Structure formats: C-alpha cells, structure tokens
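# A look at the structure
The chain contents come next:
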Amino acid sequence: MITSNFGQISDYKNELKCICDIAKKLRGLRGNTDLHWWEPAEWAVKYSHMKGAPALALTITLSPTGCSWAKNGGCTMCGEYEGSVKSGVPDYIHIAQFAKAIAELSHKYKPSWLRINQEGNYANAGETQKYAQTTILRLATQIKGIQRVTIESRPGFLTEKTLKEYADIFYGSGVELEIGMGFEAANDVVRNICVNKGESIDDFKRALQSMDKYGVLSLAYVLLKPPFLSEKEAIEESVNSIRTATEIGFKRISLEPMSIHKYTVVDALARLNLYQVPWLWSVIDVIMQCKDISELGIGGIGYYPRPFHLSRNHCDCNSRCDAQIWEALKDFGKNRDFSVFDALDFGCKAKWEDACKLKLPSLKQRIQEQLDKIDVNNYQSVVDDEPMSEPPQSSILIAGGAQISHVSKGSK
C-alpha cells in the first residue's frame, strides 16, 4: 500500500513544540481524582477472541497515578491522565483494589482472560509500585480458569530485568502474559508529531526482542484517525501500521478507532470543528483490508475515564446505522466472522465515500493552521459539566466502578 509522504520529523520542530505546550496546559486544567481504596477505578466484562475461540475477558482498571509521558504533555488523544490520582497510589491500595474486583467478579463470570489496566505504564515503578506489580501478577496466575493476563506499558519500561521478573512469576503456571504497547502508527511523523508518542520503531523492536526472549506475548495498539489526518489518510495509515506491526514481530494487533476525551488536544480541535472521529465505515474498511492478519481485534471503547465521543457515522440515519455497525463489531470481536459485515447497507456509505475523496493542504500547513486556532483559556468553560458518553450497550456485558465521578475540581 502507498501511504502519504509527510516528510521527516525534523520538518515539524515548531509544530511539535506547540503541540506539547498545548497538551500540557490542557492537562493542567484538570483537578485531582479522589482515591477509593475499596474498589478499582473501573471494571468491565466483555467477549473477545482468544486462541481461535470466543473468550470472556475481565478488565480491571486500577486507580491510575498519571502516565509519566502525559505529565509533560503526552499523547494528543489520550484522556487517561484526567482520571489520575496525581498524588500517587500506595502499593497496598492497588493490591486491595485488584483483590476486591477478583473476589466479587471472577466467580460470577468465570473469565478466561484477565486484563489489568493502570491507564499508563504498569511496568513503571513510578506509576505502579514494584511490590504491587509483582504481587498482583502472582495473584493473577492463581485465579481458576485464567489463561491469559494482559498489562500495558511503553516499551522503554520493558527492560530485560523487568521482563525476566515477570516471566519467572508466570513460569509453570499455564497462564500466558501479554503486554500491550501503543504503537499507534508506523509513519514516524504520524506517530511522533500527530500523536506525540515520543517513540521510534527501534524502541518497539528492542522491546519485542526482549519479550520474545522471555516468552512474553506482545500486543500493538494501532490508532485509527490521529488528529490532522484526512479520512483516507487515516485508513491508509491504519492498514499500513497493522501490517508493519505484524512484520516487526507483534503477535497481536488491536485496532483502536479514535474516541474523544476531555482535556486533550484532540478534544480542543473537535470543539472547533477541526476534528471528527472516524466513520464506522472506515473501521470496517480497515478490518476488511486486513483479513489476512489472523490476530486482529477491535478496541476503542474500554477507556477510563470514559470517552466523551466514540467513533460514529456522520450522517442522518438517526443512529440506526451506528447501532447496527457496533453490534456487528461486537460479533466480530467475539467470533472473528467477517460475514457479519455483509448485511450492512445504509445510504450514508456513499457520504463516507465522498468524505474519503476530500483533498486537504499539506500536513504541515494543516497542523499550523489548526493549532493556531486553539485557545486554552477558553477551553475549560465548555467542559466542566458535560457528561461522558456511555459505551455502546452491545459492546460490554457489564461494567461498574467509574471513580471518575469523584473528582476534586478545586485541586491540581
């Protein structure tokens, strides 16, 4: 596939500085999240696809302490810092939250897949203390019926020492350890300017090499429609990124259709009508172009705090097409049956095709013009009392927690 030529990262020094400055200011507007030791920040149960069959997955989100990358601005789309306990969380509280969720949920739903989110870097002792990391993983290997445990981290924290320590915990347990990384995009400019990921392809390759050495499975999150890209460019970049992630050694891929979170660069752009989430037709298009990638799943919903807006079709179908497509995506995520998309036929598909033909100025010009229109001082007045959107009812079987409702607006 031929992807757009956006030039080199060095061509965007001024734009990157502006993106970092805006992102940091936006994150600074949000108060601290209160800490409840007796429950995780959030949890959810849903069906996924594992080892060629449907699998019930339990996701437990521990109270986040703020991604180290986000503290200096971070990724343009990530709203997870908003729900962080920025003063830190003691190791015993993370352990208690995990134990409480397991005690209440694992026997009711009998999951075979356990996902432990910290909405940052599980492997960073500055975010999840080392004793909590290892204790929680040891407990996870003892849960009846669990076949796989998934955690998340930036590649820089996945050192040989850490991976060996994790591998020793899982050795002989019969449980797989998988670590997800935000690969986001294969193109350097898209990944490190549009998304501001701050990581090179070589960073991921080094982590993957070490993970293979210690028998740890790897998961790449690939973003669909980073800011500043057209719909067509976004589709092309996602397809290319899925293929590149597979080529460099990721064992599994999760396509993440963009959702909008408060206090982010993406949200600031969306409020100025300079960004809109990808069409659901784009999600299907990427999936169908990657039918040969056997370990491809769909994400983009299970975030904490909950997204403000989710991927949808920009049409006049009164949400009828969105509901049916989300239902098809849910079925695909569970059974990986491509035929679920065959019956989807809505008139808005032609409008999406027209959107994919839209011609835009150069990427550099787009970024400059759009950033110039963001006024951080006027941002906070439009977000304080607006509710988060609920995930599609068909996508998650049951969910709870959501400590985001407990935010101290006055503290920073």
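Everything quoted here is computed from the prediction, not taken from an experiment. (Residues numbered from 1 in each chain as written. Predicted model: local features only at pLDDT ≥ 70, side-chain atom pairs only at ≥ 80, totals over all residues. Heavy atoms only, no water.)

## Quick notes on the packing of aromatic side chains
How we decide: Ring pairs are drawn from Phe, Tyr and Trp, using the six-membered ring of Trp, whenever the two centres fall within 6.5 Å, and their geometry is named by plane angle: stacked under 30 degrees, edge-to-face over 60, tilted for the rest. Numbering of helices and strands starts at the N terminus; helices are DSSP runs of H or I of at least 4 residues and strands are runs of E of at least 2. For each residue, the accessible area found with a 1.4 Å probe, counting protein chains only, is set against the maximum for its type, and the residue is called buried under 20%, exposed over 50%, and partly exposed in between.
Applying the stated criterion to the full structure yields 8 aromatic pairs. Between phenylalanine 183 and phenylalanine 204, the ring centres sit 5.2 Å apart and the planes meet at 80°, which makes this aromatic pair edge-to-face. Here the residue phenylalanine 183 occupies a position in strand 6 (residues 176-184), and phenylalanine 204 occupies one in helix 6 (residues 201-213), the gap between them amounting to 21 residues. Each of the two residues, phenylalanine 183 as well as phenylalanine 204, counts as buried. The interplanar angle of 40° and the centroid separation of 5.6 Å between the aromatic rings of phenylalanine 332 and phenylalanine 341 together place this pair among those described as tilted. Accessibility assignment for this pair places phenylalanine 332 and phenylalanine 341 in one class, buried.

## Details of the nonpolar core
How we decide: By nonpolar core is meant a set of buried Ala, Val, Leu, Ile, Met, Phe, Trp, Tyr and Cys residues that side-chain atoms within 4.5 Å join together. For this analysis, residues touch if any pair of their heavy atoms sits within 4.5 Å.
Judged by nonpolar contacts, the single largest core of 79 residues is most densely connected at Phe98, Leu114, Ile116, Phe183, Phe250 and Leu255. Not counting the four nearest positions on each side in its chain, leucine 114 is found in contact with Leu58, Ile60, Phe98, Ile102, Ala140, Ile143, Ile146, Arg148, Val149 and Thr150. Ranked by size, the runner-up nonpolar core spans 35 residues in total, among them Tyr12, Leu29, Ala268 and Ala270.

## Some details on unusual backbone geometry
Leave glycine aside and you will find that most residues have negative phi; peptide bonds, for their part, are mostly trans. For lysine 110, which is not a glycine, the phi torsion comes out positive at approximately 50°. Of note, lysine 110 is situated in the loop between helix 2 (91-109) and strand 4 (113-117). Here lysine 110 falls in the exposed class, since its relative accessible area comes to 63%. With phi around 50°, arginine 336 is a residue other than glycine that occupies positive phi space. By relative accessible area, which is 17% here, arginine 336 ends up buried.

Shape is all these values report; function is a separate question.
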